[in-house]
Amino acid sequence: MVQVRAQQPVNTDGSINLEAWLDHVLSLDPVLDRAVLKQACEFARDAEQQANAAQNLWAEGTSSFQTGLEIAEILADLKLDQESLVGAQVNAEITPSLTATAQVVMRPKNYEDGNGTPTLDWAYASWKATDSFSLQAGRKRIPLYYYSDYLYIGYAYPWVRPAPDVYGWPIFTYDGLTGQFTHDLGGDWTLNATAWSGSFASKKNAYDTLIYYGGETQEKWKKIKGLSASVSNGTIEARAMMMTHRQDTWQVDPATQAKTFFNDNVFTRIIALSLNVDYQNWLLRTELNRFSQRPDEPTKFIYDYYLVGLGYKWGEFTPMVTQSHYITAPNTLVPQEGRKTRALSLRWDFRQNMALKFQYDQSTDESKYSYPFFGDHKLFSVSLQGVF
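Residues numbered from 1 in each chain as written. Predicted model: local features only at pLDDT ≥ 70, side-chain atom pairs only at ≥ 80, totals over all residues. Heavy atoms only, no water.

Caption draft 1: Here's a closer look at the overall build of the chain. Secondary structure assignment for the chain yields four helices and 15 strands. A total of 388 residues make up the chain; the buried ones form 39% of that total. Sequence separation of 24 or more characterises 52% of the internal contacts of the chain that already satisfy a separation of 6 or more. Here the chain displays about 21,000 Å² of accessible surface, and carbon together with sulfur accounts for 57% of that area. (Helix = DSSP H or I, 4+ residues; strand = E, 2+ residues; numbered from the N terminus. Buried < 20%, exposed > 50% of the residue type's maximum accessible area, 1.4 Å probe, protein only. Contact = heavy atoms within 4.5 Å. Areas by Shrake-Rupley, 256 points an atom, 1.4 Å probe, with all protein chains shown as cover.)

Rendered as C-alpha cells:
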C-alpha cells in the first residue's frame, strides 16, 4: 500500500510545525515516546541546518528533514514494527587525516538490548596514513559478507532483506583494529583489502537463546583475525574472505553463578567468496560461505550456505529472483539442519533516496530433526527504505 501524504503542518514563517506534527503522529501510534521522538526530530533539523550552512544541499524543493518526517509518519500509520529500524551515523573530522565515526541504531524488536533501546553499532577512529592505507580502531561490523557494512542500510541492496539462509550469526560486531588498503591495478581495476583483529561478547544472545539453548545464553568470539580482498572494475566485483576466531558459548546459573559451557575456546574458521556483476541493466549477486569447527572430528560443526540472485533494472523498477540454501554436515551431536529459500522481489525507486520493496519468500525446511526445526513457510514482505 502506498499512501499520498498530506502537507506537513507549517508555522507562519513556512517552517514545519513540529509540535503539530508530533500530535498527528502520536494519534496514529500512541505508544510512541513523544520526548524521545521530538529530540530525534530536533537533532535531524539541526543537522540539516548545519548542512545548508555548509552548502551541502539537497536538490531544490527537497529537504532531508521533511523526508525523514514523512518516513516516520508512514511507518507509524502502517504499524510496521517487526523489522523496522532507524539509524543515524555521525562523521567528525578531527584533523585532515584523523576522523571519528559513530553509528546508533534503534530497533523496535531488539531481544538482546531491550525493545527500542538504541545500540552503538559503530564507534571508531580512523587515521589515513597515506592515500591508499588507513588504520581504524574501535567498534565495527565484522565484514563476513559482501553487504556487511550496509546490512542496516536496506536502501543499499535490492531485496527487502539479504537471504537469512546466508546472513546470520550470533556475533556480528567486533572491538579491535582494522587496516584498509586500496591500490589501482591499471585499466579500470581496483584492489581493496581489509585486515582486522579483535573480539566481542554478547551477554544475552538472541541467536543462541531463542533458537538453540532455551535459557539465556552468552557467547564470545575472541582472538578474531580476518582478511578480505576484492577486485572490481565497475562492472564486475570478486571478493574473498577468511576469518578465524576462538568461540565460547555458555549459560550462567542464576542461583550459583556457575557456568555451563557448550563451546569452550573452540577454534573456528569462516571463508567466503562472492562474485557480483552490474552489466547494463542486468545485475547478478552471489555469495558462497563455509563455517567450520572441528572439521576432522565426529563432533564437527560445518555449515555451508550460498545465495544466487539475478535481476533486471527496468526504469524505476528492479525485479529479481534469488535462491539461497543452508545445510550442515552430519555429526554425532545433533541432527542435520538445512533450509532452502526461493525469493521473488521487486524494488521501486519511486523517489530520490527512497525505495519501496516487495518480496515473496518460499522456504523449505530440510532439517533431519524429529520435529520441524525451521518449518516450511511462505512470507510476503513490504518495506519502505530510505536514506536522508
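Caption draft 2: Fine view of the layout of surface pockets. Size it by volume and the second largest pocket reaches roughly 700 Å³. Considering the residues around the second largest pocket, the lining is formed by 32 residues, among which Asp149, Tyr150, Gln180, Asn192 and Thr194 are closest to the centre. Listing elements by their share of the lining of the second largest pocket, those giving two or more residues are β3 (119-128), β4 (133-141), β5 (173-186), β6 (189-202), β7 (218-232) and β8 (236-252). With five residues, the top contributor of residues to the lining of the second largest pocket is β5. Tallied by class, the residues present in the lining of the second largest pocket amount to twelve nonpolar, 13 polar and seven charged. (1 Å grid on protein atoms, 1.4 Å probe; cavity = no way out; pocket = protein on both sides within 12 Å on 5 of 7 lines; lining within 4 Å. Points joined across faces, edges and corners; volume = space filled by probe spheres on them. Nonpolar A, V, L, I, M, F, W, Y, C, P; charged D, E, K, R; others polar.)

Caption draft 3: Focus on the side chain of histidine 325. Looking at the element boundaries, histidine 325 is found in strand β12 (residues 317-328). For histidine 325, a relative accessible area of 16% corresponds to the buried category. In terms of polar contacts, histidine 325 uses its side chain to reach the side chain of glutamate 366, at 2.7 Å. Among all residues touching histidine 325, those that are not within four sequence positions of it are Asp165, Asp304, Tyr305, Tyr306, Arg339, Lys340 and Glu366. (Polar contact = N/O pair within 3.5 Å; in protein donor to acceptor, adjacent residues only side chain to side chain.)

Caption draft 4: Fine view of empty space enclosed by the protein. Scanning the entire structure with this criterion turns up two cavities of 30 Å³ or more. Trp159, Arg161, Pro162, Ala163, Pro164, Leu307, Thr322, Ser324, Thr341, Ala343, Gln359 and Asp361 together form the lining of the largest cavity. For the lining of the largest cavity, the secondary structure elements donating two or more residues are β12, β13 (338-351) and β14 (354-365). By volume, the second largest cavity is sized at about 30 Å³. Every residue lining the second largest cavity is listed: Gln103, Trp122, Arg141, Ser148, Asp149, Tyr150, Leu151, Tyr152 and Ile153. For the lining of the second largest cavity, the class distribution of residues is five nonpolar, two polar and two charged.

Caption draft 5: Representation of a nonpolar patch on the surface in the model. The grouping of Trp282, Leu310, Tyr312, Trp314, Val321, Leu344, Tyr360, Phe380 and Val382 at the surface amounts to a nonpolar patch, some 930 Å² of accessible area in total. Secondary structure elements with two or more residues in the nonpolar patch: β11 (301-312) and β15 (377-386). Mapped onto the fold, tyrosine 360 is located in strand β14. Accessibility expressed as a relative area gives 30% for tyrosine 360, which makes it partly exposed. (Patch = residues over 30% accessible without salt bridge, like charges linked within 9 Å, V, L, I, M, F, W, Y side chains within 5 Å. Salt bridge = Lys/Arg side-chain N within 4 Å of Asp/Glu carboxyl O.)

The values reported here are purely geometric and, on their own, carry no functional implication.
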